[in-house]
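# Structural overview for review
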Amino acid sequence: MVGAFVGAFALLMLSAFTSVLAGGPLSTKRELVNAAYQANAGECLNWEKADLSDAQKVDCGAAHRFEVTGTADITAQYPKEAPFPNAEAWEKIAQEHCAQAAKTYMSDKLDPEGKYGVSTLNPDEHRWSSGYRQLRCGLQVTAPSGAALPSFGSAKNQDQSNVYDPGICLALGENNTVGDPVDCAQPHAFEIIGVVQHPEGDFLPTDKQDAIMSEKCAAIANEYTGGADLKAKNLLVTWDTRSDKSWAVGSRKANCKIGAVPQGNNLVAWKDSVRNPNGAPLTTANPPQTTAVKPQDEPTGAPLHSETGKPSDSAKPSDSGKPDKPSSSSAPTTTTENR
């Protein structure tokens, strides 16, 4: 869906660039064992602190930030005297050791444009200097900035479509990109108003998806807004489509959303929600749903997507969110976009 991702989005790994010790400062003689260093394939981890010091194994059905797909030992390539890798080196390590692990874990059905990105939990500099060389490979759902979002259920059993729940607003990022979830009272590029489930079967070409989304998103917008005159507010309805690559692995969901009428090819930020305050309660897929992403203390970046481990279009700043020409065949005013 949105392509996650602020700026040029260098492929920094999504996790532990700093200490993940649970026992306090480095001078502590006896370290408590951190769950991140003991997790095995199929187990899920959650944490709140940026340094992962509170990482715990949790049931994958509960909120979690990392699903382990395997482990990798890089001792052969990086003996004890090797310097601590920089971001570029970690990128290479992840490509070589974790991209295939994710594909295998997902039985070759990892959506290269979906919500799950390949990531690693790397040893911190303290453990690296002591010779520790094990990585945890895994999958994460990330915001455009790279911050880990709560995930629910094993990736093996989920529709991987990169969608948000209705009521979520997405910031306008740098360079005309779509950013992180924010409070709708803040400037944003889009407000998500609903999710459309495409049927099983052969891939639907984009024009056929557009026809379906145009009709359904118009109806969803009318219900969501209580029949508001979007044109008078200089707003329009837009939607996402799924690519053949996503379709092939079972991704069938796409978002309907509302955005401001663009200025040429440039998105325009707007404030507040157009949801009917007297409307029925929203149905969300993953309670509690993140509505705003808190900045992380540590640098994070795009998860790896695709067979090669290189980011797909959904893992870097993308042209998604640049609406095409408005459609005159449906009401309220609609337009289409690929994300």
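Coordinates for the structure precede this section.
Residues numbered from 1 in each chain as written. Predicted model: local features only at pLDDT ≥ 70, side-chain atom pairs only at ≥ 80, totals over all residues. Heavy atoms only, no water.

## Overview of the overall build of the chain
Quick reminder of the rule: Helix numbers and strand numbers start at the N terminus; a helix is a DSSP run of H or I with at least 4 residues, a strand a run of E with at least 2. Whether a residue is buried, partly exposed or exposed follows from its accessible area with a 1.4 Å probe, protein chains only, as a fraction of its type maximum: under 20%, in between, or over 50%, in that order. By definition, residues are in contact when any of their heavy atoms lie within 4.5 Å. What sets the accessible areas is the Shrake-Rupley method with a 1.4 Å probe; for residues, cover comes only from the shown protein chains.
The helix and strand tally for the chain stands at five helices and eleven strands. Burial analysis of the chain (339 residues in total) assigns 50% to the buried set. Relative to all contacts within the chain whose residues are 6 or more apart in sequence, the contacts with residues 24 or more apart total 72%. For the chain, the accessible surface area stands at approximately 15,400 Å², while carbon and sulfur atoms represent 49% of it.

## With respect to the state of the cysteines
We apply this condition: Throughout, a disulfide means two cysteine sulfur atoms within 2.5 Å of one another.
Scanning the model with the defined rule gives four disulfides in all. One disulfide bridge connects C98 with C137, the sulfur atoms lying 1.9 Å from each other. Taking the sign of the S-S torsion, -65 degrees for the link of C98 and C137, the bridge is left-handed. Taken together, the residues span a long stretch of sequence, with C98 in the loop between α1 (87–97) and α2 (99–105) and C137 in strand β5 (residues 134–142) at a distance of 39 residues. Disulfide connectivity for the chain, with bonded cysteines indexed by sequence position, reads 1-2, 3-4, 5-6, 7-8.

## A look at the sheet that holds strand β8 (residues 178–182)
The following threshold applies: Here a strand pair is declared whenever DSSP counts at least two bridges between the two strands. Axis definition: a line fitted to C-alpha atoms, limited for helices to the stretch in contact. Angles are taken between N-to-C directions and run from 0 to 180 degrees.
One open sheet accounts for five strands, arranged β8-β7-β9-β11-β10; its pairing is antiparallel. Pairing within the sheet leaves two strands with one partner each, and these edge strands are β8 and β10 (235–239). For this sheet, the mean inter-axis angle between neighbouring strands, taken without regard to orientation, is 35 degrees. Sheet topology places strand β7 (residues 169–172) next to strand β9 (residues 190–197); two bridges connect them, and they run antiparallel. Of the residues in β9, the one forming a bridge with C169 is E191.

## Some thoughts on the nonpolar core
Inside soluble globular proteins, nonpolar side chains tend to come together where they are buried. Test applied: Among buried residues, those of type Ala, Val, Leu, Ile, Met, Phe, Trp, Tyr and Cys that are joined through side-chain atoms within 4.5 Å constitute a nonpolar core.
Core analysis: the largest hydrophobic core is formed by 30 residues, its most contacted members being I74, Y78, L110 and L139. Looking at this core, the elements with two or more residues in it are α1, α2, β4 (116–121), β5 and β9. If one sorts the elements of this core by residue count, β5 sits on top with four residues. Listed in part, the 16 residues of the second largest apolar core include I193, C217, C256 and V274.

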